[in-house]
Amino acid sequence: MGQTTAEKIFAAHLRDEPFPGTKVLDLDRVLCHEITTPIAIADLQWRNKDRVFDPDKIKAVIDHVTPSKDSKTALQAKMLRDWARRHHIKDFFDVGRNGVCHALFPEKGYIRPGFTAIMGDSHTCTHGAFGAFAAGVGTTDLEVGILKGVCAFREPNTIRINLTGSLGQGVVAKDVILFVIGQLGVNGATDCVLEFHGPVVEAMSMDARMTLCNMAIEAGGTCGICQPDMTTVAYLWPFIEKEFSSREEALDAFRRWCADSDADYCQVLDFDISGLTPQVTYDYKPDCVKPVAEMAGTPVDQVYIGTCTNGRIEDLRQAAAVLQGRTIADTVRGIVSPATPDIFKQALAEGIIQTFMDAGFCVTNPTCGACLGMSNGVLAEGEVCASTSNRNFSGRMGKGGMVHLMSPATAAATAVAGVILDHRTLEEAKVS
Amino acid sequence: MKKTFGGPVITLDRADINTDEIIPAKYLTEATKEALKPYCLEDLILEGFDPNGEKLANARVIVSRANFGCGSSREHAPWVLEVNGIHTVIAESYARIFRQNMFNCGMLAIELAKDEIDQLMELEKASGGAMDISVDLNEKTITAAGSAGEKSFTFQISPFDQALVEAGGWVEYADARY
């Protein structure tokens, strides 16, 4: 019997099996941010074990609330900063060089096919886009990861998702993953890895694959995984060119992590994506998904473009293409947060920031901020936000607020119209 | 150190209770577990539930439905339960990260079948909302008792999760072993 990608990674990283079914894995990456790491640091100090297993395998960033907004967030940032210095963690990203963790760390080339990674953040599943096993964990798992470089897992089952057909004009990875979550339900993939296959994912860029894998957790999934291919190699090439004599050689090395054709899956789901239209969430759960057309006309107060789901350069390009030459409705506050400084600079160079500002958007520094209602765009009670983020839970962006999840192009069209709108119909809608 | 389990019950009769509802993100800037104490389940909107009420203040056990603890990985969710004396959650199922966080903290996330949770919910109602649950970790049984009667159920937890509960958490266990 062949193996899935996750099974191959588990076998190659197995440190211990203390009980049947419990696998303790060696970690290639322990990723840290300032919300969930400081309490782990404080606990290690209290236990008189303020050590790190390997400062080169630990990467840290201040991203959730940055620059600090008050004394408490300043203390969290300081705890992470002091700890990174104390332990010579050289890959630490502070104000000015920091960005949203799941956009920044891939951009720096830290994640490779076959890697194991944990982070005290549920959207760590994003990094599976590189053919890695990456899982969100709590602070205690993170603490043990920092100290010992290991993490315990139940070996996950794998759900194979075959995405066939091709994406229609203006339909993107966000629409696909919203649709898939709608089909699976919010706990349809609990304790499972989602392994994405098929021509639709093969045609996707790494940015799009990260969007796809980012929301695996919204179906309860441990990790979303794409198969490493030449697109993966091309993205990583600047970081690996000294390790391999050619791209083909790198691809050969990475292919060992691809699932075997006779691998055993707990479920195989086939979705023909050809007829898919832009998707949006309603209500307070990410599996409450319907076509944008069915929600068209719903008024919104705020439009938020950014986050670890959709704050990358391609996302900003798609939104800017809709906004070009238009202005957003008077009744809407538009906020865009490029996910990293490099994305911000690229968007500046391409004139995208100009387009956003001309349209009436507020451009913020890279941060998680509004997505979880911490800063830079918290909703008031009764307000509605069209957002490119990943969670629409009650209270997520502010108590009493409602969040509709959608793609960057849909969000941009919604900003222009002031109401939820299928961006493919913006011309006919005759709004500014 | 091993924790104590069982006591007065509060029922939360809805599936998919997420960690934003258990502890809203705006409190994640607190640097100690103790500071989270007043905010337990603050954003949960559920008929008959009052986050500031005596029922929650006195509760030591939560009984709930499927996919409890979904969403954010924040361990602040089990912590806010812990500092409020709630060391036991009994539900139909859990989100993976929340479940592991509970055991990593040496706390119990017990799974029972839907009809068993139904029976616990009914007994609590029939007992006028006053029900206690005791937990026997050796026999793997829980016993619910109220004025309307008594119900016992057996449960399973993995040997690893049991070892974490016995050790008082994953840091203690891992530090002794790796």
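A few points on the structure. Everything numeric in this text was worked out from a predicted model, so none of it was measured.

A few words now on the sheet that holds strand β6 (residues 116-119) of chain A. Backbone-to-backbone hydrogen bonds join strands into a sheet, with any given pair of strands oriented parallel or antiparallel. All names here are of chain A. Read across the sheet, five strands follow the order β5-β4-β3-β6-β7 without closing on themselves; strand pairing throughout is parallel. Each having just a single partner strand, β5 (92-93) and β7 (133-136) make up the two edges of the open sheet. When strand β4 (residues 58-61) meets β5, the two strands line up parallel, connected through two bridges. Bridge pairing in β5 links alanine 60 to phenylalanine 92.

The next point concerns the sheet that holds strand β5 (residues 131-136) of chain B. All names here are of chain B. The strand order across the open sheet formed by seven strands is β4-β3-β2-β1-β5-β6-β7, and the pairing between neighbours is mixed. Each end of this open sheet is capped by a strand with a single partner; those strands are β4 (108-111) and β7 (149-154). Taking each pair of neighbouring strands and ignoring which way they run, the sheet shows an average axis angle of 25°. With four bridges connecting them, strand β3 (residues 88-91) and β4 associate as parallel partners. Bridge pairing in β4 places isoleucine 90 opposite isoleucine 110.

This brings us to the pairing of strand β2 (residues 61-64) of chain B. Residues and elements named next belong to chain B. Side-chain alternation along β2 places Val61 and Val63 on one buried face and Ile62 and Ser64 on a second face that is also buried. In this sheet, β2 lies alongside strand β1 (residues 7-12) in parallel orientation, the contact comprising four bridges. Bridged to isoleucine 10 within β2 is isoleucine 62. For β2 and β3, the ladder comprises three bridges, and the chain directions are parallel. When the sheet's bridge partners are listed, isoleucine 62 is paired in β3 with valine 89. Between β2 and its parallel partner β3, the chain crosses via helix α3 (residues 76-83), and the hand of that crossover is right-handed.

Definitions and cut-offs
- Along every chain, residues carry numbers that run from 1 in the direction the sequence is written.
- Key to labels: chains lettered from A, ligands numbered from 1, both in the order written.
- For this predicted model, a pLDDT threshold of at least 70 governs which residues receive local features, and a threshold of 80 or more governs which side-chain atom pairs are given and counted, while totals over whole chains, interfaces and linings are taken from all residues.
- One bridge is not enough; two strands pair if DSSP finds at least two bridges between them.
- Helix and strand assignments come from DSSP, with helices taken as H or I runs of at least 4 residues and strands as E runs of at least 2, each series counted from the N terminus.
- Here, axes are lines fitted to C-alpha atoms. For helices the fit covers the stretch in contact, and angles between N-to-C directions go from 0 to 180 degrees.
- A residue is called partly exposed when the number of other C-beta atoms within 10 Å of its own lies between 12 and 20, exposed at 12 or fewer, and buried at 20 or more, with C-beta atoms placed from the backbone.
- Here, the term right-handed applies to a crossover whose path from the first strand over the helix to the second runs clockwise when the strands point away from the viewer.

So far we have only geometry, and geometry alone does not tell us how the molecule works.
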